[in-house]
Each structure stands twice: as C-alpha cells, then as structure tokens.
Amino acid sequence: MYTAIGYAAQSATTPLAPMTFNRRSPRPDDVAIEILYCGVCHSDIHQARNEWGIAVYPLMPGHEIVGKVTEVGANVSKHKVGDLVGVGCMVDSCRHCEACAADLEQYCLEGPTLTYATPDRIDGSNTMGGYSNSIVVSEHFVVRIPEKLNPAAAAPILCAGITTYSPLKHYGVKAGDKVGVLGMGGLGHMGIKFAKAMGAEVTLFTRSASKAEEARRQGADHVIVSTDAEQMKAAAGRFDFLLDTIPVQHDLNPYLETLRFDGVHILVGLIEPVDPALHAANLVMKRRVLAGSLIGGIAETQEVLDFCAEHDISCDIEMLDIKHINEAYSRMIAGDVKYRFVIDMATLKA
Ligand code: NDP
Ligand code: ZN
C-alpha cells in the first residue's frame, strides 16, 4: 500500500479539502505513477457536487493526469520506471465485450471503471482521481506522453482533447466541411483546434461576444454570438457539423436550424433531458442527425496525443495551486479561465 494525499469532497455541499488515503500496491499488470499535473474538467464540478446523481463520497476528482512511472508490476511491458505517462477518464473495463474488443472501452457493455467514484473491478474500493500525488493503474489504461508535448499542457488532452477529437474523426470531418463549435471552454477551444487541423471551416457559437478575438486566435474562421437571434437566423442551413460542449440544458432547436440537410449535431456536454423540447421537424424535414459521444478509447487517446505532437496542438492552460481549487471551480462556472486550469501537483507538497 502507498499512503497518498489529495483533495476530495466529503459531500455534495462541502468544498474540496486535503485527505490522506491508501493506494493499492501495484498488481502484476499495474503501473504506479507520481502525478505531476492534473487538468480540471467541468465534469469534476458536476461530480463533486453530485449534479449527475451518481457521486460516491469521499470523491476525489481528476481525470486529466500526467506523471512519471515510479513502479511497475511483474507483467508490465508497455511502460517502465521513469516514463512520462498519462491517465484519462477510465482505469479499467471488462476487456472482453464487443466494445472493448473494438478499442471502445468507454462503451464497455459492462460499464467502464472511471478514474474516480467507481468501484474497482477487483477489490470494490471507490476509485480516487488525479487531484493527488500518486495513482496506480493497469498498464492498458496508461498512455505515453510524446516528448514534443509540454507535459502540463498535455494533461487536458486526456479528456478535453480526446472528447472533441473522437467525434470529429468518427463522423469523418474533412477539408472544407463547415463545423460549428458550441461554447469555448476547455473542450470547445480544443474542438476549434482539431476541426481546423482537419481542414474544416470553423465557427464558434458563444454567449460571450468578448471571446471573438480569442476564438480567431484559436483558429476559428467565424464567430456567432448565440444570444443574437439575428446572427443565429442568418446562419440557417449552413453547417455540416455542430460540436456542442455547453454544460447545461439549452434549446437545441435554433442550433439544429443552422445545420444543412444531413447535418449532424453532436452532444458532448449535455447528459440531462433536452429542455426545452426538441421540435422533431428540425430533424425530420432535413434528415438531420442528433448524436452523442463519450470521451474516446485508449488507442484513440494515444492517437490524439500523437496527433497533437504532430500538428503542434496544445491546450491553453492556467497553472493552479491546488489550495485554490474551490476558487477555480467558481471561476470556471463564471467562464473566467483561458481555457483549462491545470493543477501543479508540486503545490500539494507545500
Ligand atoms: P467549461 O466550463 O470549460 O466550458 C463550457 C463552455 O460552455 C463555457 O466556456 C461557455 O462558453 C459555455 N457555457 C457555459 N455555461 C453556459 C450556459 N449556461 N449557457 C450556454 N453556454 C454556456 O467546460 P468543459 O469544456 O470542461 O466541459 C463542457 C461539458 O462537457 C461539461 O458538461 C462536461 O461535463 C462535459 N464533458 C463531456 C465529456 C464526454 O465524454 N462527453 C468529457 C468531458 C467533459 P461560451 O462562453 O463561449 O459560451
Ligand atoms: Zn473531463
């Protein structure tokens, strides 16, 4: 056993606070990692505050983890002590179902084991995430961080990056396609970069007119202020794809109307009932598709890291002292971060 420290929520209404706990000794296929950096995802807030109704406490968030291998189990062949590695949103799955066999562990038919707040498949203990100094993970779920990447800025690729890359690739976004990205936060700003790197003409839909210049710097060709009905109307029938990262219930109808026939609206931010209701005519009359997508598989997570190294793509980050994590949550909700907080785990020692 390792004694570990980290920041956890003890209930949905208490702020995150330091906690000491045990990490298991590596099993034969496990890799032990000293965590150097961990990104802060909006899902961490949803979970710490039990906004999805599935939280288990104490809840230690963090699924954008970069660190150094400190120990490996006897059967580990993929990583060695000293390697710079990453762990994203999953740490295990059944490994034999149809989805796992297709490298889509996120859609494991028995349900993937998430990096936090999920029972471990072997000992049943509640998984604890990356707001911590260490983690122990089966080697299959540990990816290699390419040398070319800045390790701190690479951390958010493990969730924000893969979640936006995977659906754009799955739906075959190609040069010349018109892609709209809804919301420019951690996921959205990566979505802009990926769509641009795939050759698309990219438009940001944002509530915040003040983000226009920033969006262009990220690679957006156009910006639509979503609260301006005139701008929304003028965009009718224009887009091939919409990548929707908005983290709260919102009216999909005006966005669907901006899709051309056969256009695809991909939800990644919303996992609650759609409210206000969807007008089915917005799908039927134009053969439009409403889709969803969850992170990406482990092989594809390695692929997106390599893609970022090759295309010189990195996340825009603000380094965070872990003692300011609760303040960071408030700032994220207010939209006051460009565009991902990354915890410098050296601050945990202090
Ligand atoms: P952020 O908070 O970083 O960004 C969300 C953006 O959405 C904001 O920057 C803002 O953009 C827009 N937004 C925020 N609030 C509202 C609102 N009330 N109405 C309209 N737009 C709003 O979040 P993340 O990018 O980290 O995460 C986005 C969502 O994706 C979360 O719900 C998260 O849980 C989910 N997620 C899903 C994954 C999956 O696998 N499907 C994986 C990871 C995260 P602007 O100011 O430009 O309008
Ligand atoms: Zn996430």
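Just so you know, these numbers come straight off a predicted model, no measurement behind them.

1. Digging into the site of ligand 1
Every one of the 26 residues lining ligand 1 counts as a neighbour, but His42, Thr206, Lys211, Ile295 and Arg340 are closest to it. A distance of 2.6 Å is found between an oxygen atom of ligand 1 and a side-chain nitrogen or oxygen belonging to Thr206. Measuring from a nitrogen atom of ligand 1, one finds a backbone N or O atom of Val268 at 3.0 Å. Isolated, ligand 1 exposes 920 Å² of accessible area, and the fraction of that covered by the protein chains is 89%. Taken together, the residues that form the shell around ligand 1 break down as eleven nonpolar, twelve polar and three charged.

2. So, the coordination of the zinc ion (ligand 2)
Looking at the zinc ion (ligand 2), the protein donor atoms are Cys41 (SG), His63 (NE2) and Cys159 (SG), and they sit 2.0 to 2.2 Å from it. Spacing between the donor residues of the zinc ion (ligand 2) along their common chain follows C-x21-H-x95-C. Of this pair, His63 sits in the loop between helix H1 (42–48) and strand S4 (65–72) while Cys159 sits in the loop between helix H3 (151–154) and helix H4 (160–170), and the two are 96 residues apart along the sequence. Given the relative accessible area of 5%, Cys159 is considered buried.

3. A look at unusual backbone geometry
Cis geometry is found at the peptide bond from Asp275 to Pro276, where omega equals 5°. Here Pro276 lies in the loop between strand S14 (259–267) and helix H9 (281–284). Residue Tyr339 follows Lys338 across a cis peptide bond; omega there is -20°. Positive phi, close to 55°, is recorded for Asn50, a residue that is not glycine.

4. Some points on the pattern of salt bridges
The final tally for this structure, using the stated rule, is 21 salt bridges. Across the pair Lys169 and Glu303 runs a salt bridge, and its minimum N-O distance is 2.7 Å. Remark: Glu303 occurs in helix H10 (residues 298–311) and Lys169 occurs in helix H4; sequence separation between them is 134 residues. For Lys169, a relative accessible area of 40% puts it in the partly exposed group.

5. Overview of the pairing of S14
Examined bridge by bridge, strand S13 (residues 239–244) and S14 share five bridges and lie parallel to one another. The residue bridging Asp244 from the neighbouring strand is Leu267, located in S14. Direction of pairing for S14 relative to strand S15 (residues 289–292): parallel, over a ladder of four bridges. Looking at the pairing, Ile266 lines up with Ala291 of S15.

6. Details of the sheet that holds S14
One open sheet accounts for six strands, arranged S12-S11-S10-S13-S14-S15; its pairing is parallel. Looking along the sheet, the strands with just one partner apiece sit at the ends: strand S12 (222–225) and S15. On average, each strand axis in the sheet is inclined to that of its neighbour by 20°, with strand direction left out of account. Sheet topology places strand S10 (residues 178–182) next to strand S11 (residues 201–206); five bridges connect them, and they run parallel. In the sheet register, Leu182 faces S11, and the bridge partner there is Phe205.

7. Details of helix H11 (residues 325–333)
Residues of H11 that are buried include every one of Ile325, Ala328, Tyr329 and Met332, and no others. Considered in projection along H11, the buried side chains sweep an arc of 105° and stay on one side of the axis. Looking at the buried residues of H11, the elements they touch are strand S1 (2–8), strand S3 (30–40), H1, strand S16 (317–320) and strand S17 (340–344). Positive backbone phi, at 75°, marks Gly335, one or two positions downstream of H11.

8. A short note on the domain arrangement of the chain
Taken as a whole, the chain is organised into domain 1 (2–159 + 315–349) and domain 2 (161–292). Distance between the C-alpha centres of domain 1 and domain 2: 28 Å. Contact residues are listed per partner, giving twelve residues for domain 1 and 15 residues for domain 2. When domain 1 packs against domain 2, close to 1200 Å² is buried across both sides, 54% of that on carbon and sulfur atoms. Contact with domain 2 buries surface across domain 1, with Cys159, Asp316 and Tyr339 losing the most and accounting together for 44% of the total. Across the domain 1-domain 2 interface, the total number found is two salt bridges. With a shortest N-O distance of 3.4 Å, Arg217 and Asp316 are connected by a salt bridge. The interface formed by domain 1 and domain 2 contains twelve residue pairs in polar contact (both at pLDDT 80 or more).

9. Considerations on the pairing of strand S5 (residues 84–87)
As a general feature of sheets, a regular strand has side chains that alternate between the two faces. Where S4 meets S5, four bridges bridge the pair, whose relative direction is antiparallel. Bridge assignment links Gly67 to a residue of S5, and that residue is Val85. Here S5 runs beside strand S9 (residues 143–144); their pairing, made up of two bridges, is antiparallel. When the sheet's bridge partners are listed, Val85 is paired in S9 with Arg144.

Reading the values: rules and limits
Residues numbered from 1 in each chain as written. Chains lettered and ligands numbered in written order. Predicted model: local features only at pLDDT ≥ 70, side-chain atom pairs only at ≥ 80, totals over all residues. Heavy atoms only, no water. Near = heavy atom within 4 Å. Polar contact = N/O pair within 3.5 Å; in protein donor to acceptor, adjacent residues only side chain to side chain. Areas by Shrake-Rupley, 256 points an atom, 1.4 Å probe, with all protein chains shown as cover. Nonpolar A, V, L, I, M, F, W, Y, C, P; charged D, E, K, R; others polar. Donors = N, O, S within 2.8 Å, 3.2 Å for Na, K, Ca; no water. Helix = DSSP H or I, 4+ residues; strand = E, 2+ residues; numbered from the N terminus. Buried < 20%, exposed > 50% of the residue type's maximum accessible area, 1.4 Å probe, protein only. Salt bridge = Lys/Arg side-chain N within 4 Å of Asp/Glu carboxyl O. Pairing = 2+ DSSP bridges. Axes fitted to C-alpha atoms, helices over the stretch in contact; angles between N-to-C directions. Arc of directions from axis to C-beta. Contact = heavy atoms within 4.5 Å. Domains from an automatic or database assignment. Buried area = accessible area lost by both parts, 1.4 Å probe.

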